[in-house]
Structures are given as structure tokens and as C-alpha cells.
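Descriptive analysis of the structure
Residues per chain, in single letters:
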4 protein chains.
Amino acid sequence: MIELIYKRKVNFYETDAQGIVHHSNYPRYFEEARGYYLEHIGFPYYKLREELRVDVVLLSLNVQYLKPVYFGEELEIRFSIIEKDKFFFKFRYEVFSNQELKTVGETKHCCLNRDTRKIIKIPQILYERMV
Amino acid sequence: MIELIYKRKVNFYETDAQGIVHHSNYPRYFEEARGYYLEHIGFPYYKLREELRVDVVLLSLNVQYLKPVYFGEELEIRFSIIEKDKFFFKFRYEVFSNQELKTVGETKHCCLNRDTRKIIKIPQILYERMV
Amino acid sequence: MIELIYKRKVNFYETDAQGIVHHSNYPRYFEEARGYYLEHIGFPYYKLREELRVDVVLLSLNVQYLKPVYFGEELEIRFSIIEKDKFFFKFRYEVFSNQELKTVGETKHCCLNRDTRKIIKIPQILYERMV
Amino acid sequence: MIELIYKRKVNFYETDAQGIVHHSNYPRYFEEARGYYLEHIGFPYYKLREELRVDVVLLSLNVQYLKPVYFGEELEIRFSIIEKDKFFFKFRYEVFSNQELKTVGETKHCCLNRDTRKIIKIPQILYERMV
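None of the values given here were measured: they were computed from a predicted structure.

With that settled, the discussion passes to the interface of chain A and chain D. Contacts between the two partners involve 15 residues from chain A, matched on the other side by 15 residues from chain D. Both faces combined, the contact of chain A with chain D buries some 1,500 Å², and carbon together with sulfur accounts for 56% of it. The tally of links from chain A across to chain D stands at 2 salt bridges. Residue D:E39 is joined to A:K9 by a salt bridge in which the shortest nitrogen-to-oxygen separation is 2.8 Å. Linking chain A to chain D there are 9 residue pairs in polar contact (both at pLDDT 80 or more).

This is the structure:
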């Protein structure tokens, strides 16, 4: 199992009038982390889209907001694939800041043929590298 | 139980390069729906924040993405409070478009004192109206 | 000249940690206003995209931020086309809240053929209605 | 004059159904670049906000969209302060991708006392470093 760490700072435009990161940004952070994963295994998402004509779509999203995150913090997202079969895969994410667990998330995905918009098996070359 | 319907169009800036509404917008739609709820029960969120010095925060989020939504569609979000105790409450949302169920979501919340950032009981006046 | 008024509330997720609407939302409000304009003249943008295979793109953007806008305010955007020739058109927007002018903006646009991504003349049927 | 280069990748959630980066993201990229500038001169924005109780606000924004940017591109934003007096300062940004100039922008700012929300002179310590 590959566990990766994706780091990124909080942008000011991601905060809200409560003074914290708005909750709708975490799904975006998770997407960034997945992009980093695909690069890491040698298959950046734009290649997947252009060369294999495959879209990765989100089927379900789950987020537990444990502690708020403030502007100026640097996030460390530790994440990995926790389930996988021929069609579906699941990521789990833990968002840390200052060594403290702030947020936990899970996302479930499948692949679509971009032209037909139909669900397809995870492309073999991708499947093998997703460990 | 109050079941409300919140309607809103999809904005072009909410779409992504897959040609569909990006998944991170649904938590924002849910937030808009809750704002509509608070207005409906006579307690718009800005009043809650300014007069009672109360913030409503998100503790957990759950979204099932059943079908994609495209630019030009008009969303109808049917939603209600499905659980409530002295401290916590949960909303459930069903997002329809063209009479078809597209997305289902749940959010769990509590109230904070804006000055101390501590969890407080749901203010009585709010609690009574949240049915 | 058609001058339209587009109304919309500020969403909580559009605020930032300064407690005001983040500046990057105004270009989005302007886009919403243009969408309203196209509907008003009987040519909703999704139709333009799907039936005529035309994209409207932004060439330049200009915003003067005169006063901040806070959560809970209701915006009234008064806007119209202020310049037009066979290829280009310009909108001007005035964002009011509580009868006070908060923000002024201008955007310049042209049309693209969606398939070639080349600039084209404004489609005749659209050109005639854009007054 | 300090000219800095701020690099960042395009996120998928920043694209729209035209398949390109949505125009409302550039003001956000500019904000990120300014954050990088403040760090570079030893004054990260969160310190400015918390230690000096100063907010930096946007007074005007100007963007020329020369060429579209696609998902998968890596942006290089070259930027610097092009005007400055005791109260106001202006940044100019050039966004490159694949060695090609895609977008040009300018932003004008001033500082506010966070408690009074009144315009103040640029704090001396900041003024001296902003070259």
C-alpha cells in the first residue's frame, strides 16, 4: 500500500467569515491529493483523460470535521487507497496541521469512458499501479 | 417536520472540464438550503451570528453522487432536519433535477459561541422552531 | 439599451476571514448576471452552447471595489451592454446593496466556435437582440 | 524592485465546462502570489493580520485574458510591485505557461486597521520592504 503525504498551504480565499477554512474546500484538497497520487504512479490525470479518454468520477464523499483550520496553517494530507476492485476504488485522507488531526475523509470513485460516459473497468495499467 | 424545497440554477462557474457540476459545489448548495431554512423559521443566519453571537458549524458531511448535473439544469433541493437533540442536529438533502434524483446528502451540525468558540446547546428559540 | 437588474443574496461560503465577500466572487456574480441577460433575450447560454455551438469567452475584466459587502446583504446588480460591434461586446455592472453602490465592473467578450475554438462574429440572431 | 516567480499547477476544480481554467480563478492566483511575496519579505499575511492587526484589501482589479489555460498546465506567475506611495500599492502579474504569456493582471491595494476598518498608512516595516 502506497501512503502518500500531500502538503499545501491554506489560501486566504478558502477561509470564511467564521475565520476558518470553509468546509467545501476539503473535497478540493482531496482532489488535489488524488492528482498528486496519479502523478506519483506515473499517470497524471490529464494524461488519463487525453490518452486513455478516461474520466475519474466521484461516487461518494464522507468528511468528518474534527477541528477547524485557520489561515496561515500548512496542511499535511496523509492518504492512500483503502479498497479496490475491478470497477471501484476508495481513498482515505487524514488532514493534519501542526501535528494534529483536523479532518478525516473518504471518497469512492469509478472510471468512465469520456466519450460514452459509461462506467468502465479501471484501465489495467492504472489498476496495477494503484496499490 | 418541515420539509422545504430550495430551488436554484446551476451556474456556469460551478461546472468543470468533465462538463458537469463539480462535486465540491453540493456542500455549498446544502449550505444555501440551510440558509433558506433559517430564514423560513424566522431566524436568518446573519441574525443568529450577530444577535445571538452563535455560529453553526459542520461536523460531518456525507454525499452520494447518483447522477451528474449539467449546466442549464434547475435544481430542486428537498430537505429537512432528520435528527435533533439538545446539542446536535442533522439535515438530509435530496437534489432533484428534471424530476430525477441526482444527489443525496446529510450534514451534522452543532452551535458554537462565537466569542469562546466552545460548543453550546442549541439556543432555545432556535431549538423550538427546528422541527 | 436594455438595462437589467439581477438580484441575488450573498452566500456564506462567499465570505472570507475579513468577514466580507471575497473579491473573486464578483466576476462570478457578473457571469450570473450575463446568464440572466441571455435568458431575458430568449437565448439561455446552454442553448447558445448546444444549439449554435458557440462559447462566450471573457477577454478582459475590470473591477472597482468601492465598499465591502457583508453576509446577509442582498445584492442588486444593474447592468447593460455598453459597447458592441460585429465581434466584441462589453458589459458594465453596478452592484448595489442597501441602495448604496458597492462595486463597479466591466467585462469584454467575444464568441468562439466551440469546435474550432476560433473567434467568430457574434451570431446574427444574438447580435440583433443584444441592445 | 523585487520580481518574483510564483509557480502553481492548475487544479481540476478550477476548470469549467469550456474545458479551460475559469476566469474567476486568476484573482485567486494573484492573491496566492501576493501571499508568497509577503512571505518572501519576511511578513506572511497571517502575521500582518495577527501581530499588526492589519488587513490588506483590494481596491481594483484588472485582468487581460490573452490565451486559455488548460488542466495539466503549470503556471508561472511573474509579478512585482509597480507603484507605491504611503497609502496605496499596485501589483502587476504576468501568467505564463509553456513559456507563453496567457494572462496579465493588475491589482491595487491599501491597508486597513482590522479593528476600526479604516484606511491606514502602509505600516512602516512593511513599506520599507516593499520594493
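Right, picking up where we left off after that structure.
Let us look at the relation of the copies chain A and chain D. Each copy of the sequence occupies a distinct position, and chain A is placed on chain D by a rotation of 180° and an axial shift of 0.0 Å, giving an RMSD of 0.0 Å. The superposition operator between the copies reduces to a two-fold rotation axis. Nearest to the rotation axis, the C-alpha of A:R8 is located 5.4 Å from it, this being the minimum over chain A. Of the interface residues in chain A, 100% have counterparts in chain D that sit at the interface too, so the contact is made through matching surfaces.

Moving on, we come to the packing of aromatic side chains. Counted under the stated rule, the structure contains 56 aromatic pairs over all chains. Where C:F87 meets C:F88, the ring centres are 6.3 Å apart and the plane angle is 45°; that geometry is what we call tilted. Ring geometry for D:F79 versus D:Y93: centroids 6.0 Å apart, planes at 15°, classification stacked. Here D:Y93 lies in strand β4 (residues 88-97) and D:F79 lies in strand β3 (residues 74-84), a separation of 14 residues in the sequence. Look at D:F79 and you get buried, because its relative accessible area is 1%. Residue class for D:Y93 comes out buried when judged on its relative accessible area of 0%. Three or more aromatic residues joined by ring pairs form one cluster here, namely A:F30, A:Y37, A:F79, A:F89, A:F91 and A:Y93. In this structure, D:K84 packs its charged tip against the face of D:Y127, placed 3.8 Å from the ring centre. The aromatic ring of D:F88 is capped on one face by D:K108, whose charged end is 4.8 Å from the ring centroid.

Laying chain A over chain B is done by rotating through 180° and shifting 0.0 Å along the axis; what remains is an RMSD of 0.0 Å. Residue by residue, 100% of the interface of chain A is reproduced at the interface of chain B, so both copies engage with the same surface.

Another aspect to go through is the pattern of salt bridges. Side chains carrying opposite charge are able to pair once their charged atoms draw close together. Residues and elements named next belong to chain C. Under the definition given, this model contains 48 salt bridges over all chains. Put simply, K67 and E100 hold a salt bridge, and the shortest N to O gap is 3.6 Å. With a gap of 33 residues between them, K67 in the loop between β2 (54-65) and β3 (74-84) and E100 in strand β5 (residues 100-113) connect regions that are remote in the sequence. Classification of E100 as partly exposed rests on a relative accessible area of 33%.

This part covers helix α1 (residues 26-40) of chain C. Since there are 3.6 residues in each turn of an α-helix, residues three or four apart along the chain are aligned in direction. Residues and elements named next belong to chain C. With 15 residues, α1 extends 21 Å between its outermost C-alpha atoms, agreeing within 8% with the 21 Å of an ideal straight helix rising 1.5 Å per residue. Across the 15 residues of α1, 11 count as buried, placing the element largely inside the fold. Within α1, burial applies to Y26, P27, R28, Y29, F30, E31, E32, A33, R34, Y37 and L38.

Right, let's get into the pairing of strand β5 (residues 100-113) of chain A. Residues and elements named next belong to chain A. With 11 bridges connecting them, strand β2 (residues 54-65) and β5 associate as antiparallel partners. Bridged to N62 within β5 is E106. Bridging between strand β4 (residues 88-97) and β5 involves 10 bridges; their strand directions are antiparallel. Considered in β5, the bridge of F91 is made with T107. Hairpin remark: β4 followed by β5, antiparallel, with 2 residues in the connecting loop; positive phi at N98, about 50°. As paired strands, β5 and strand β6 (residues 119-120) are joined by 2 bridges and run antiparallel to one another. Across the sheet, the residue bridging to L112 is I119, located in β6. Linking two consecutive strands that pair antiparallel, namely β5 and β6, is a turn of 5 residues; a positive phi of about 60° is found at R117 within it.

Taking burial as the measure, the 12 residues of β2(A) include 9 buried ones, the bulk of the element. Bridging between β2(A) and strand β2 (residues 54-65) of chain B involves 5 bridges; their strand directions are antiparallel. Its bridge partner lying in β2(B), A:S60 is registered against B:Q64.

Attention shifts here to unusual backbone geometry. Within the chain, B:R117 stands out as a residue other than glycine whose phi angle is a positive 60°. Counting through the fold element by element, B:R117 comes out in the loop between β5 (100-113) and β6 (119-120). Residue class for B:R117 comes out partly exposed when judged on its relative accessible area of 26%. Positive phi, close to 55°, is recorded for C:R53, a residue that is not glycine. The topology assignment puts C:R53 in the loop between α2 (45-50) and β2.

Here chain A averages 96 in pLDDT, and 100% of its residues register 70 or above. Scored as a complex, the prediction yields pTM 0.97 and ipTM 0.96.

Calculation notes
- Residues numbered from 1 in each chain as written.
- Chains lettered and ligands numbered in written order.
- Predicted model: local features only at pLDDT ≥ 70, side-chain atom pairs only at ≥ 80, totals over all residues.
- Heavy atoms only, no water.
- Contact = heavy atoms within 4.5 Å.
- Buried area = accessible area lost by both parts, 1.4 Å probe.
- Salt bridge = Lys/Arg side-chain N within 4 Å of Asp/Glu carboxyl O.
- Polar contact = N/O pair within 3.5 Å; in protein donor to acceptor, adjacent residues only side chain to side chain.
- Least-squares fit on C-alpha atoms with pLDDT ≥ 70 in both.
- Phe/Tyr/Trp six-rings, centres within 6.5 Å; stacked < 30°, edge-to-face > 60°.
- Helix = DSSP H or I, 4+ residues; strand = E, 2+ residues; numbered from the N terminus.
- Buried < 20%, exposed > 50% of the residue type's maximum accessible area, 1.4 Å probe, protein only.
- Lys NZ or Arg CZ within 6 Å of the ring centre and 35° of its normal.
- Expected span 1.5 Å × (residues − 1).
- Pairing = 2+ DSSP bridges.
- pLDDT = per-residue confidence, 0-100.

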